Amino acid sequence: MTREQYILATQQNSLPRTEHPQFYPVGIYGWRKRCLYFFVLLLLVTMIVNLAMTIWILKVMNFTVDGMGNLRVTRKGIRLEGISEFLLPLYVKEIHSRKDSPLVLQSDRNVTVNARNHMGQLTGQLTVGADAVEAQCKRFEVRASEGGKVLFSADEDEIVIGADRLKVTGTEGAVFGHSVETPHIRAEPSQDLKLESPTRSLVMEAPRGVQVNAAAGDLKATCRKDLHLQSTEGEIFLNADTIRLGNLPVGSFSSSTSSSSSSSSSSSPSSSAPRQTIYEICVCPNGKLYLSPAGAGSTCQSSSNICLWS
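Residues numbered from 1 in each chain as written. Predicted model: local features only at pLDDT ≥ 70, side-chain atom pairs only at ≥ 80, totals over all residues. Heavy atoms only, no water.

Remarks on the pattern of salt bridges
A complete count under the given rule lists 5 salt bridges for this structure. One salt bridge connects R139 with E141, and the closest N-O pair in it is separated by 2.7 Å. Of the charged contacts, one joins D155 and R139 as a salt bridge, the two residues approaching to 3.1 Å between their closest N and O atoms. With D155 in the loop between strand 8 (150–154) and strand 9 (159–161) and R139 in the loop between strand 6 (133–136) and strand 7 (140–143), the pair connects residues that are 16 residues apart, well separated along the chain. For R139, a relative accessible area of 41% puts it in the partly exposed group. The structure contains a network of salt bridges with shared partners spanning R139, E141, R143 and D155. (Salt bridge = Lys/Arg side-chain N within 4 Å of Asp/Glu carboxyl O. Helix = DSSP H or I, 4+ residues; strand = E, 2+ residues; numbered from the N terminus. Buried < 20%, exposed > 50% of the residue type's maximum accessible area, 1.4 Å probe, protein only.)

In structure tokens, the structure reads:
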């Protein structure tokens, strides 16, 4: 036996031995145990309340495998039934209604639809407000439901109306600030057509001719100053059963002086000239007309003296 083993053996035998050993309890006792049970019970009640609230929310919101409430998730997208309210911006690719119901967009102020490019810049905007409907875009078009024909288009350069018939129902008619180019203008049946320029002149031009036709009524052209009928290369043709030119001056012929003088149609001819029942229309070199007694003393052959009245 070594020295170290001997020393250890003698030290163990010399230790005092107690008859009643002490035991130390392990665990939580007293007020700590009661607090722990209270917190465990409170956690259990909270879990039960949360579970009940979750089940109630699922029941009220009508959660299903396909969606929640009026919202259904399908293969073609999201389907909303009934009235839906969006408090934040909505970004979608396409919005359409059911086949048997219309699509209604409603707002307390206005409804604005914006279109942007890949850079986020605004390229088109449609605003429907309480006072007006405004569209801001490079080109605005209205197309027919069948065939896609352009009925109305507007851009910075021109406005095109592609309908077969443009009807203006206002009592004041249509007012154009500048020129109007159209192949046909007509009024409604049994209605009058009136082309009027209150303060300026009215000009009608066409490269191949202007045709004015009144099938069942009168044709009137009234102006304050001069009325010009001009044909640069052709002729002015008046075709009617009766052509009347009122308020023409009447020329009188005197056999003693071989000269004539003119007077208005309301004045009586000179006493030296015989009364004539037949008159002829004479034209002066400047284009003015006058009436002259027909017969041997006609003044149309030598009208230089007659035209002095003009």
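Right, picking up where we left off after that structure.
Brief notes about the sheet that holds strand 3 (residues 78–80)
Judged by pairing direction, the sheet is antiparallel, and its 3 strands sit side by side in the order 1-2-3 without closing on themselves. Among the strands making up the open sheet, the edge pair consists of strand 1 (67–68) and strand 3. The pairing of strand 1 with strand 2 (residues 71–73) spans 2 bridges and is antiparallel. Bridging from a neighbouring strand, M68 pairs with L71 of strand 2. (Pairing = 2+ DSSP bridges.)

Things to note about the packing of aromatic side chains
Enumeration according to the criterion identifies 2 aromatic pairs in this entry. Taking the centre distance of 6.5 Å and the plane angle of 65 degrees together, the rings of F140 and F152 count as edge-to-face. Placement of the pair is F140 in strand 7 and F152 in strand 8, with a sequence separation of 12 residues. Of the residues examined, F140 reaches a relative accessible area of 35% and is grouped as partly exposed. (Phe/Tyr/Trp six-rings, centres within 6.5 Å; stacked < 30°, edge-to-face > 60°.)

Looking at a nonpolar patch on the surface
Residues L41, L44, V45, I48, V49, M53, W56, I57, L58, V60, M61 and F63 make up a contiguous nonpolar surface patch of roughly 1100 Å² in combined accessible area. Locating M61 in the fold gives a position in the loop between helix 2 (31–60) and strand 1. Classification of M61 as partly exposed rests on a relative accessible area of 35%. (Patch = residues over 30% accessible without salt bridge, like charges linked within 9 Å, V, L, I, M, F, W, Y side chains within 5 Å. Areas by Shrake-Rupley, 256 points an atom, 1.4 Å probe, with all protein chains shown as cover.)

Section: the sheet that holds strand 9
The strand order across the open sheet formed by 3 strands is 7-8-9, and the pairing between neighbours is antiparallel. Looking along the sheet, the strands with just one partner apiece sit at the ends: strand 7 and strand 9. Taking the axes of each pair of neighbouring strands and ignoring which way they run, one obtains an average angle of 10 degrees across the sheet. Of the strand pairs in this sheet, strand 8 and strand 9 are connected by 3 bridges, and their pairing is antiparallel. Of the residues in strand 9, the one forming a bridge with S153 is V160. (Axes fitted to C-alpha atoms, helices over the stretch in contact; angles between N-to-C directions.)

By themselves, these observations are geometric and do not establish any function.
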